[in-house]
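Structure assessment
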Protein chains: 2
Amino acid sequence: MKLEIVGVDGLPEIRPGDDLARLISERATLHTGDVLAVAQKIVSKTENRIVRLADVTPGPRALAMAEEAGGKDARILEVVLGETRKIVRWTRGVLISETHHGFVCANAGVDRSNAGEQDAVVLLPVDPDGSAMRIRKALKEIAKADVAVIVTDTFGRAWREGHANMAIGIAGLSALKRYAGQYDPQGYELRVTEIAIADEIAAATELVMGKLDRCPAAIVRGLHLEFTDSGGEETAREYVRSAERDLFR
Amino acid sequence: MKLEIVGVDGLPEIRPGDDLARLISERATLHTGDVLAVAQKIVSKTENRIVRLADVTPGPRALAMAEEAGGKDARILEVVLGETRKIVRWTRGVLISETHHGFVCANAGVDRSNAGEQDAVVLLPVDPDGSAMRIRKALKEIAKADVAVIVTDTFGRAWREGHANMAIGIAGLSALKRYAGQYDPQGYELRVTEIAIADEIAAATELVMGKLDRCPAAIVRGLHLEFTDSGGEETAREYVRSAERDLFR
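Notes on the structure in this doc start here. These figures come from a predicted structure and were not determined experimentally.

Calculation criteria
Here the residue numbers are simple positions, counted from 1 along each chain's written sequence. All chains are assigned letters beginning with A, and all ligands numbers beginning with 1, in the order in which they are written. Restriction of local features to residues with pLDDT of at least 70 applies here, the model being predicted, together with a cutoff of 80 or more for giving and counting side-chain atom pairs; totals for whole chains, interfaces and linings are based on all residues. Placing C-beta atoms from the backbone, we regard two residues as in contact once those atoms come within 7 Å. Secondary structure elements follow DSSP: runs of H or I of four or more residues count as helices, runs of E of two or more count as strands, with numbering from the N terminus. Ten residues, namely Ala, Val, Leu, Ile, Met, Phe, Trp, Tyr, Cys and Pro, are considered nonpolar, four, namely Asp, Glu, Lys and Arg, are considered charged, and the remaining ones, Gly among them, are considered polar. At least two DSSP bridges between two strands are needed for those strands to be called paired. Alignment of the copies relies on least squares applied to C-alpha atoms, considering only residues that score at least 70 for pLDDT in both. Whether a residue is buried, exposed or partly exposed follows from its count of other C-beta atoms within 10 Å of its own C-beta, namely 20 or more, 12 or fewer, or something in between, respectively; the C-beta atoms are built from the backbone. Every axis in this analysis is a line fitted to C-alpha atoms, fitted for helices over the stretch in contact. Angles between the N-to-C directions lie between 0 and 180 degrees. What makes a nonpolar core is a set of buried Ala, Val, Leu, Ile, Met, Phe, Trp, Tyr and Cys residues, with links drawn between C-beta atoms within 7 Å.

1. Description of the interface of chain B and chain A
With 60 residues of chain B in contact, the opposing surface of chain A contributes 60 residues. Counting only elements with at least two residues in the side of chain B that touches chain A, the list comes to strand S1 (2-7), strand S4 (84-91), strand S9 (164-171), strand S11 (194-195) and helix H6 (197-209) of chain B. Here the side of chain B that touches chain A gets eight residues from one element, more than from any other, and that element is H6 of chain B. Taken together, the residues of the side of chain B that touches chain A sort by class into 28 nonpolar, 11 polar and 21 charged. As judged from the five bridges shared by strand S1 (residues 2-7) of chain A and S1 of chain B, these two strands associate in the antiparallel manner. By the bridge assignment for S1 of chain B, glutamate 4 of chain A is matched with glutamate 4 of chain B.

2. Brief notes about the relation of the copies chain B and chain A
Turning chain B through 180 degrees and shifting it by 0.0 Å along the axis lays it on chain A, with an RMSD of 0.0 Å. Here the transformation between the copies is reduced to the relation of a two-fold axis. Of all interface residues in chain B, 100% are interface residues in chain A too; the two copies therefore contact each other through one and the same surface.

3. Points about the pairing of strand S12 (residues 217-221) of chain B
Looking down a regular strand, the side chains alternate between one sheet face and the other. All names here are of chain B. A large share of S12 lies buried, amounting to four of its five residues. The pairing of strand S2 (residues 35-39) with S12 spans four bridges and is classified as antiparallel. In the sheet register, alanine 37 faces S12, and the bridge partner there is alanine 218.

4. Looking at unusual backbone geometry
Here arginine 92 of chain A, not a glycine, exhibits a phi torsion of approximately 50 degrees, which is positive. At aspartate 119 of chain B, a position not held by glycine, the phi torsion is positive, near 50 degrees.

5. Focus: the sheet that holds S9 of chain B
The strand order S9(A)-S8(A)-S2(A)-S12(A)-S1(A)-S1(B)-S12(B)-S2(B)-S8(B)-S9(B) describes an open sheet built from 10 strands, whose pairing is mixed. For this open sheet the edge positions go to strand S9 (164-171) of chain A together with S9 of chain B, each flanked by a neighbour on one side alone. Looking at each pair of strands side by side, their axes are set apart by 25 degrees on average, direction ignored. Pairing geometry for S1 of chain B and S12 of chain B, over four bridges, is antiparallel.

6. Some details on the environment of valine 43 of chain A
Residue and element names in this part refer to chain A. Mapped onto the elements, valine 43 comes out in helix H2 (residues 40-46). Sequence separation of valine 43 and leucine 139 is 96 residues, and the distance between their C-alpha atoms is 15 Å. Leave out the neighbours within four places in its chain, and valine 43 touches Leu20, Val38, Pro125, Ser131 and Val151.

7. Observations concerning the nonpolar core
Grouped together as the largest cluster of nonpolar side chains are 156 residues, with contacts concentrated most on Val38, Ile150 and Ala198 of chain A together with Val38, Ile150 and Ala198 of chain B. If near-sequence neighbours (up to four positions away) are discounted, valine 38 of chain B is found in contact with Leu20, Val43, Ile135, Val149, Val151, Thr152, Pro216 and Ala217 of chain B.

Take a look at the structure:
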């Protein structure tokens with residue numbers, strides 16, 4: 001089996017309202033069966049998930065946390081708190097949030113870098129699965145290709161240093177590849193029964209995306225996956241471990 | 001930028017003492033600059049990290065835990081405890097261990113499936129970086145190619161459902177790609193400053209490895225990385241977050 005991962009080069013600075021499917025298909029030939037990964041930052045920008053810090057008035061909680069952390073920007077904390085369903089950790093100025101989607105990540109995914117303008121932050125899409133689905137549908141139209149779409153973001157992990165790309169939105173593709181009920185040649189059920197395949201695809205595409213190369217999209221070609229829109233498992237919410245099942249929250 | 005990921009097909013059932021570098025280079029052409037990922041299971045088998053359960057006498061702690069969990073095999077728990085430096089969680093029959101290497105994973109990486117024989121378990125390599133380095137050195141000799149090597153295993157994650165492939169041993173390649181001190185066009189330092197590049201490569205190769213296809217090795221071609229053996233950052237121990245820095249242990 002052989003895969004190709006190709007970066008989509010030459011995208012312009014993305015602005016609210018831009019048509020990502022069109023911009024990408026003008027720069028890359030998409031084929032049925034391809035998986036397109038798109039960095040959250042540009043998806044969020046097209047959806048105008050940009051907050052100008054001059055427009056933010058921090059509330060008492062954000063002000064108190066900023067002081068506790070010794071000089072964090074209270075306006076950014078205010079935005080982060082708005083994107084946070086639950087604070088998972090707040091220690092030494094590091095804020096690990098559970099977002100409204102259920103993802104656990106630093107600062108609820110709010111980020112000041114590569115915002116495209118001064119004194120602004122970019123938020124995660126409100127509905128990253130919906131974002132992926134819109135791009136998938138538009139590509140069917142524009143590129144005449146049945147392409148699965150993953151919206152990716154780079155998250156830290158528990159226990160392990162370094163960040164890795166993960167899937168926060170999915171369309172057309174199941175989040176998990178299931179091996180449950182499959183057995184090895186000795187008749188033992190496989191230990192690992194669910195592979196986070198969209199997370200692995202996201203990680204793979206980060207290898208060609210880079211952070212400063214203005215290559216926020218990449219195509220994976222050669223995966224023999226069945227694409228569907230059953231509305232069942234084609235969602236990054238499949239990755240959200242419920243609090244009851246989670247030993248680390 | 002374009003990457004290729006190619007599975008190494010047709011490897012035989014691996015046995016203790018087998019020469020993995022030779023078996024792989026007989027089935028795949030390796031070029032200088034390639035990264036070879038090899039599944040932990042076959043590396044461990046060549047190193048005879050196989051324990052026959054008939055040879056294991058569970059101690060009182062393993063027996064008590066087996067009873068607590070309502071029917072777990074106390075012999076397997078005995079082996080797992082031997083591989084465990086610290087129990088991170090022991091809840092509802094699920095054991096999350098910190099291994100002697102410092103990795104946090106279920107059952108200290110001990111696995112019964114695909115052991116190659118009945119009533120046996122496979123343990124992680126004692127020194128996975130050393131395993132990777134031995135394969136790297138042998139490939140220089142046999143394939144006349146400067147190839148970085150990653151030993152991979154499939155771990156669960158905190159907060160997220162599904163398992164993903166990660167790097168547990170590295171040779172020739174830095175674990176982390178550092179962006180610290182790099183700035184976006186607006187002059188803000190990048191939020192994500194360390195990418196777990198070997199983990200992302202491991203994840204990428206899982207996409208062609210599969211779990212039942214007897215394809216426990218894959219080659220990544222087209223990464224423009226500098227390979228070194230400085231003895232500095234070319235170790236999967238770089239991923240081990242110290243307990244003081246870890247908010248989730």
